[in-house]
Each structure stands twice: as C-alpha cells, then as structure tokens.
Amino acid sequence: MTGGNGHKPDKVDLNILRILQEDGRIANVELARRVNLSPTPCLERVRRLEREGYVRQYVALLDPEKLDRALMAFIEVRLDRTTPDVFQIFADAVAGLDEIQECHMVAGGFDYLIKVRVADMAAYRAFLGDKLSSIQGVAQTHTYMVMEEVKSTHVVPVPRA
C-alpha cells in the first residue's frame, strides 16, 4: 500500500487513518495526543495522507429515517447488451438518480447491483417504473427489500503495521 508519491504509511499514519475514520471531526490536538505526536507533525501527516488520497473526503453520516428515506432495497439489474456504449449510458443515467446510494458493476448472473433508499413502497414503485426501468438498455431488474439492517459501516479495514 503506497500513496501517490510512493510513500508507504507507517504505524502512526495507519493509527491516524483509523481514528479519522471513526471521527473525522476530531480536533488535531486530540488526534496528536492519541497518536503520541505534537500537533504540528500530526497535522502535516494528515495533510500528506489527504494529498496522497488515503483520505478522500470528510462527510456527515445522516439518519435516513429522520429524512424520510427509511426503506432500503437492493436491485439486481441486467442489461440487454453488455457493450461499452450500453455500460456508459447506464452509468451516466444512474449517476443522476438521488435515490441510488451505491451502484456496482458485478460479475455473475446480472450486470449491476444497486442500493437505493426511498420513503416507502409507493416511492420505490415510482422509482422503479419511472426512472430505473426506463433507462436505455435495462432488460430486467430483481429487487430485494431490506427488512432489517444488521450491519452497516463506512469503515475500511486499516491494516496493522
């Protein structure tokens, strides 16, 4: 694992990444204390990790229920053709759909796996009929409604040095 300029993160870098992933709003002074550095070198390391792309962005994790987006579904999408132009048309179309939280091209019996969040079943039906199924190249969809979210995390496992 190396960054953009070939820098390999050391034990302190990896600890910084673990802590930032847990709390992206941690004060630099507290972060420095937790990784046993003074604040200036700690901040320099954080900035380098950001520049090298280890930290892509800082975000707030919102509660979907409070925002009327409690219904989650996973949708398998099969395209009518698996050609570069159809893949591009599909990718461009789904990029603009706010209901889609994740879209992954997969190998196997279908082409894409999509995670969506909507208010309720009526909103899901409208999304499926008016938006997803109308994308050029979509041949078939199969939906799995989520009954219970057992585990959901944003954490990427950071190796131990």
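Residues numbered from 1 in each chain as written. Predicted model: local features only at pLDDT ≥ 70, side-chain atom pairs only at ≥ 80, totals over all residues. Heavy atoms only, no water.

Below, the discussion takes up the overall build of the chain. When you go through the chain residue by residue, the secondary structure sums to five helices and four strands. The order of helices and strands in the chain, counted from the N terminus, is α-α-α-β-α-β-β-α-β. For the chain, the C-alpha radius of gyration of 20 Å lies well beyond 15 Å, the compact-globule estimate for 161 residues. For the C-alpha atoms alone, the extent of the chain along its principal axes is close to 55 × 40 × 25 Å. Taken across its 161 residues, the chain has 30% of its residues classed as buried. Across the chain, every contact between residues at least 6 apart in sequence was considered, and the portion connecting residues at least 24 apart equals 65%. Separation of charge centres in the chain, based on 21 positive and 23 negative side chains, amounts to 7 Å. (Helix = DSSP H or I, 4+ residues; strand = E, 2+ residues; numbered from the N terminus. Rg over C-alpha atoms; globule rule 2.2 N^0.38 Å. Buried < 20%, exposed > 50% of the residue type's maximum accessible area, 1.4 Å probe, protein only. Contact = heavy atoms within 4.5 Å. Lys, Arg positive; Asp, Glu negative; His and termini not counted. Charge placed at Lys NZ, Arg CZ, Asp CG, Glu CD.)

Scanning all chains against the criterion turns up twelve salt bridges. Here Glu22 and Arg34 are joined by a salt bridge, their closest N and O atoms 3.7 Å apart. With Glu22 in helix α1 (residues 11–22) and Arg34 in helix α2 (residues 28–34), the pair connects residues that are twelve residues apart, well separated along the chain. For Arg34, a relative accessible area of 37% translates into the label partly exposed. We note a salt bridge from Arg81 to Asp85, for which the minimum N-O separation is 4.0 Å. Arg81 gets classed as partly exposed once you look at its relative accessible area, which sits at 41%. Residue Asp85 is classed as partly exposed on the basis of its relative accessible area of 43%. Linked through salt bridges whose partners overlap, the residues forming this network are Asp10, Asp13, Arg45, Arg48 and Glu52. (Salt bridge = Lys/Arg side-chain N within 4 Å of Asp/Glu carboxyl O.)

A few words on the nonpolar core. Counting 20 residues, the largest nonpolar core has Ile75, Val77, Phe90, Ile114, Val116, Tyr124 and Leu132 as the members making the most contacts within it. Put simply, the parts of the chain that give this core at least two residues each are β1 (71–79), α4 (84–95), β3 (112–118) and α5 (121–132). The element contributing the most residues to this core is β1, with five residues. Look past the residues within four positions of Phe90 in its chain and what remains in contact with it is Val77, Leu79, Cys103, Tyr112, Ile114, Leu132, Ile135 and Val138. (Core = buried A, V, L, I, M, F, W, Y, C linked by side-chain atoms within 4.5 Å.)

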